[in-house]
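# Reading the structure
Each chain, written out:
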Amino acid sequence: MKKENKSPAVFIRGNRNAIVCYGSLILVIALFTVLTEGKILSLYNLKSLVGQMSTLMIISVGMIFMFGHGTVDITSGAVGGLCTLAITVVLNKTESVPAALIAAIMISVLLYWFCWFVTAKFGLMSIISSLAVMFIARGLVTYLLSLNDGRINIQNYNLIAPFKSNFLIPLGTMILIAILGIILFNYTKLGKYVRAIGDNPLCAEQSGANVTRIKFWCYTIAGFCVGTGSIFLLARAGNVSKNIGSGLEMDVMVAVILGGMNLNGGAKSRISAAIAGTITYALLSNGLTIAGVSQVYISLIKSLIFICIIGMTLRQKKSIAEMPR
């Protein structure tokens, strides 16, 4: 009988994603607790952090369903920006927050359905359809803002002020979305098939998965999360400008990779990558700011960390050969 190899190197290889996920979080907490003399863990700052990470975590949970089956999405920032515009217009017309939120979710889901349709029916790489939708959403925001002096303000900001000022609202929404994500991803056939498709679409199909339909539901979930997260984005921004949502898609990508998510998806995909990764990323950004690091260098530091994490998760030739589709 072959003896099981329990060497540290084998353990690290087998648990590399978990080590990246929780090791990064512990390192960031310890480092910035020292550098900020404990200010980062003060009650006031933690409440502020909840607001800062709300949009990112809600969208990241949705993106796990995309990454999980091997698709990379780069539209979330642009679609989120368009959703904030829709929310503003509906609020100014109706003063109804539910109506504005529903409108944002519908627009977001429709755009993600378009991505799915182009990819599924024409056989294009998902990144191509994602790129097209990103330009469509950005173009619409730029054009509509150009008709309103480059900016649209909310006439009655008090309607959505609680989404920023009352930290229980973003906290409760994040917890609810995370629980729903965990249930769907870990305890349903949908989640099982998403991971199977990420490993091998052909095998997943021969095992009974309707690959096209599973991907449709993944795009739907992603669209729902982007639409929901956009109201928190707008509450923090206060108005809609052409730069709203810019770079959000990269923040999402960095957050989930910091959480130990494989770019190629598959069986090791976890919702915890979105949760832990978002917390790590928010603490990193917040800690650098409190520590007095210039905004000019913060982006540089984030990019270096992103490259390091990518290097750590793509060391094997197998992973390089299975880059996102």
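Cut-offs applied
Residues numbered from 1 in each chain as written. Predicted model: local features only at pLDDT ≥ 70, side-chain atom pairs only at ≥ 80, totals over all residues. Heavy atoms only, no water. Helix = DSSP H or I, 4+ residues; strand = E, 2+ residues; numbered from the N terminus. Expected span 1.5 Å × (residues − 1). Contact = heavy atoms within 4.5 Å. pLDDT = per-residue confidence, 0-100. Phe/Tyr/Trp six-rings, centres within 6.5 Å; stacked < 30°, edge-to-face > 60°. Buried < 20%, exposed > 50% of the residue type's maximum accessible area, 1.4 Å probe, protein only. Lys NZ or Arg CZ within 6 Å of the ring centre and 35° of its normal. Axes fitted to C-alpha atoms, helices over the stretch in contact; angles between N-to-C directions. Parallel < 35°, antiparallel > 145°, perpendicular 65-115°, else oblique. Nonpolar A, V, L, I, M, F, W, Y, C, P; charged D, E, K, R; others polar. Patch = residues over 30% accessible without salt bridge, like charges linked within 9 Å, V, L, I, M, F, W, Y side chains within 5 Å. Areas by Shrake-Rupley, 256 points an atom, 1.4 Å probe, with all protein chains shown as cover. Salt bridge = Lys/Arg side-chain N within 4 Å of Asp/Glu carboxyl O. Core = buried A, V, L, I, M, F, W, Y, C linked by side-chain atoms within 4.5 Å. Left-handed = near helix turned anticlockwise from the far one by under 90°.

### Some words on helix α8 (residues 168-187)
The terminal C-alpha atoms of α8 lie 27 Å apart, and with 20 residues this matches the ideal 28 Å at 1.5 Å per residue to within 8%. Residues of α8 that are buried sit in contact with α3 (43-68), α7 (162-165), α9 (189-199), α11 (211-237) and α13 (272-290).

### Details of the confidence of the model for the protein chain
Taken residue by residue, the protein chain gives an average pLDDT of 86. The fraction at 70 or more is 93%. The weakest mean pLDDT in the protein chain belongs to helix α15 (residues 317-321) at 49; the strongest belongs to α8 at 95.

### Some remarks on the packing of aromatic side chains
Applying the stated criterion across every chain yields a total of six aromatic pairs. Both rings, one in Trp116 and one in Phe216, keep their centres 5.0 Å apart while their planes meet at 70°; by these two values the pair is edge-to-face. Taken as a pair, Trp116 in helix α5 (residues 97-122) and Phe216 in helix α11 lie far apart in primary sequence, 100 residues in all. With a relative accessible area of 15%, Trp116 lands in the buried category. Look at Phe117 and Phe122: their rings are 5.9 Å apart centre to centre, the planes differ by 85°, and that puts the pair in the edge-to-face class. An aromatic cluster is built from Trp113, Trp116, Phe216 and Trp217, whose rings are joined through pairwise contacts. The ring of Phe185 is capped by Arg195, whose NZ or CZ atom sits 5.3 Å from the centre of that ring.

### So, the packing of α3 against helix α12 (residues 248-258)
It is the contact of α3 with α12, at a shortest axis distance of 9 Å, that shows an interaxial angle of 70°. For the element pair α3 / α12, the angle class is roughly perpendicular. Between α3 and α12, the residues in contact are Thr55, Leu56, Ile59, Ser60, Met63, Ile64 and Phe67 and Leu248, Asp251, Val252, Met253, Ala255 and Val256, respectively. Partitioning the contact of α3 with α12 into residue classes produces 10 nonpolar, two polar and one charged.

### Regarding unusual backbone geometry
For Glu95, which is not a glycine, the phi torsion comes out positive at approximately 60°. Judged by relative accessible area, Glu95 falls into the partly exposed class, the value being 48%. The phi angle at Asp149 is positive, at roughly 60°, despite the residue not being glycine.

### Observations regarding a nonpolar patch on the surface
A contiguous nonpolar surface patch, about 550 Å² in accessible area, is contributed by Phe114, Ile136, Leu140, Tyr143, Leu144 and Leu147. Tallying contributions element by element places helix α6 (residues 126-146) first for the nonpolar patch, with four residues. Following the sequence through the fold, Ile136 ends up in helix α6.

### Looking at the nonpolar core
Judged by nonpolar contacts, the single largest core of 91 residues is most densely connected at Met63, Ile64, Phe67, Tyr112 and Ile160. In terms of residue count, α11 provides more of this core than any other element does, 14 residues in total. Dropping the residues within four chain positions of it, Tyr112 is found in contact with Met63, Met66, Asp73, Thr75, Ser76, Val79, Tyr219, Ala222, Gly223 and Val226.

### Topic: the packing of helix α4 (residues 76-94) against α6
Helices that pack against each other are described as a pair by the angle of their axes relative to one another and the distance between those axes. Relative to each other, α4 and α6 sit at 35°, their axes nearing to 8 Å. Remark: the crossing between α4 and α6 carries left-handed chirality. For the pair formed by α4 and α6, the contact residues are Gly77, Ala78, Val79, Gly81, Leu82 and Leu85 on the first element and Val133, Met134, Ala137, Arg138, Leu140, Val141, Leu144 and Leu145 on the second. The residue makeup of the contact of α4 with α6, split by class, is 11 nonpolar, two polar and one charged.

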